[in-house]
Amino acid sequence: MQYLPNIIFLLALLAGIGFFARNINKLRRNIKMGRPADLVHAPAERLQNMLKIAFGQSKMVVRPVAGIMHLIVYIGFIIINIEVLEIIIDGLFGTHRIFAPMGAFYDVLIASFEILALLVIVAVVVFWLRRNVIKLSRFKKPEMEGWPSKDGNLILYIELVLMVLFLTMNAADYQLQQMGAEHYTQAGAFPVSQHLSSIMSGMSESTLILIERSAWWLHILGILAFLNYLYYSKHLHILLAFPNTYYGRVTPQGQFPNLDAVTKEVKLMMDPSADPFAAPAEGAEPPAKFGASDVMDLNRVQLLNAYTCTECGRCTNECPANQTGKKLSPRKIMMDTRDRMEEVGKILDTNNGTFVDDGKQLLNDYITAEELWACTSCNACVQACPVSIDPLSIIMDLRQYLVMEKSAAPSELNNMMGNIENNGAPWPFNQMDRLNWAKESK
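The structure presented is a predicted model; accordingly, all values stated were derived computationally and were not measured.

1. Notes on the nonpolar core
For soluble globular proteins, nonpolar side chains are generally found buried alongside one another. Counting 47 residues, the largest nonpolar core has Tyr307, Leu328 and Leu398 as the members making the most contacts within it. With 6 residues, helix α17 (residues 391-404) is the largest single contributor of residues to this core. For Tyr307, the contacting residues outside a window of four places in its chain are Leu27, Asn30, Ile31, Tyr231, Leu236, Leu240, Arg338, Met341 and Glu342.

So this is what it looks like as structure tokens:
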């Protein structure tokens, strides 16, 4: 019976880590359903972007209130993981405050954990007020109705409960230390929880141990549960922001990639020695699909982008098309891509890794042509994203499919492209008549 708590803790830890590893493998599989992307160039610039944007939060602090609050939660999340490490060791070996021999340094650590926990509580309350009382417009867009809105609030509640449990655990521990209770080492500085411990004065030792142990168990089990909730939540960006910023775009934002197949055809047209009627070489691969109609046609960085999306709405808030009442929302583009990925992933799970056509695709079933053609390709969404997501690249690939595979461009665009083909300019005048307006003005 002496080792029963340790065994229970080990089983809970293995279950939590095992389920998390299972979800991470599923995440990797879903991302790898996309096309490979060229990610080997500019490693130094990519590393610099990751350090500046993901670690340094450089794009978050552009909006000071939200930026500072997010920075507090971010730092708290990283530093308090040291405390989680101590809890895991204590849980496995039956020790209590295993890092206590660090002395004064341990006191500083515990004190900093507590101050950060209090600041996280304040930040969470501010975030909740912004969402539910102030009701910022970017949190009230149509795509945020239902689960996305509930998910955002649920994360705040979980973080609040975890921090309260941490301070409650320390408050009871501090009180037990003052009482000289067996097994409770005199260690740590408690600038926040020592004020809470006054509520517990007069409680018996057994009651305090019950409170401390209950808070301890609930805190660590809550962390394991939250770890596994990440996969189903927008909070997955906690893990993916770092690879996403590393693999983010390093070319100029106004530069669009050329299709190799189209470039090859143009070069062939310009080659006087080429035979335009020559048959394809024997065994040659069929021409690649132009653009994208489903998630399998997108590249892996675009799919990683979709999973990294924090649903913060900064992209949609900056989008000129959305501001003028158009249907386009860059945030919805990313959410739809992720939803379709999850749908395809479930089909793969059901059919032992084989995709069975379900009669759906990303284009039209999730993202409409009206949304795509509303985009001005201004890159405002790309510039605004705090974790280097590129909604425009997905929009352009879906557009490319519409134009080059389906000839489904708007009539105005078709007219313009026809004029360019026939007249060498967007206007419906041949080259000989192009300067007639100058003669008429005299």
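2. Focus: the packing of aromatic side chains
Following the criterion strictly, the structure yields 8 aromatic pairs and no others. For the pair Phe9 and Trp216, a centre-to-centre distance of 5.6 Å together with 40° between the ring planes defines the contact as tilted. A residue pair is termed long-range when its members are at least 10 positions apart, and Phe9 in helix α1 (residues 4-31) and Trp216 in helix α7 (residues 205-229) qualify at 207 residues. For Phe9, a relative accessible area of 2% corresponds to the buried category. The class of Trp216 is buried, set by a relative accessible area of 5%. When the centroid spacing of 4.7 Å and the interplanar angle of 50° are considered together, the rings of Phe55 and Phe242 count as tilted. Pair noted here: Phe55 is in helix α2 (residues 43-55) and Phe242 is in helix α8 (residues 237-246), with a separation of 187 residues, a long-range link. Directly above the aromatic system of Phe139 lies the positively charged group of Arg131, at a separation of 4.3 Å from the ring centroid. Lying over the aromatic face of Trp216, Arg213 brings its terminal NZ or CZ to 4.6 Å of the ring centre.

3. Overview of the state of the cysteines
One pass over the full model with this rule turns up 0 disulfides. Just so you know, Cys312 is unpaired, no disulfide at all, and the nearest cysteine sulfur is the one on Cys315, 6.2 Å from it. Residue Cys312 is classed as buried on the basis of its relative accessible area, which comes to 19%. Cys375 provides the cysteine sulfur closest to Cys381, a residue in no disulfide bond, and the two sulfurs are 6.4 Å apart.

4. As for the side chain of Ser329
On the secondary structure map, Ser329 appears in the loop between α12 (320-323) and α13 (330-350). At 2.7 Å, the side chain of Ser329 forms a polar contact with the side chain of Glu143. A polar atom in the side chain of Ser329 sits 2.7 Å from the side chain of Thr316. Discounting chain neighbours no more than four positions away, the residues touching Ser329 are Glu143, Thr316 and Asn322.

5. With respect to the pattern of salt bridges
Summed over the entire model, instances satisfying the criterion amount to 15 salt bridges. Note that Asp336 and Lys332 form a salt bridge whose closest N and O atoms lie 2.5 Å from each other. Of this pair, Asp336 and Lys332 both sit in helix α13, separated by 4 residues, roughly a single helical turn. As far as the burial class goes, Asp336 and Lys332 line up, both buried.

Thresholds applied
Residues numbered from 1 in each chain as written. Predicted model: local features only at pLDDT ≥ 70, side-chain atom pairs only at ≥ 80, totals over all residues. Heavy atoms only, no water. Core = buried A, V, L, I, M, F, W, Y, C linked by side-chain atoms within 4.5 Å. Buried < 20%, exposed > 50% of the residue type's maximum accessible area, 1.4 Å probe, protein only. Helix = DSSP H or I, 4+ residues; strand = E, 2+ residues; numbered from the N terminus. Contact = heavy atoms within 4.5 Å. Phe/Tyr/Trp six-rings, centres within 6.5 Å; stacked < 30°, edge-to-face > 60°. Lys NZ or Arg CZ within 6 Å of the ring centre and 35° of its normal. Disulfide = S-S within 2.5 Å. Polar contact = N/O pair within 3.5 Å; in protein donor to acceptor, adjacent residues only side chain to side chain. Salt bridge = Lys/Arg side-chain N within 4 Å of Asp/Glu carboxyl O.

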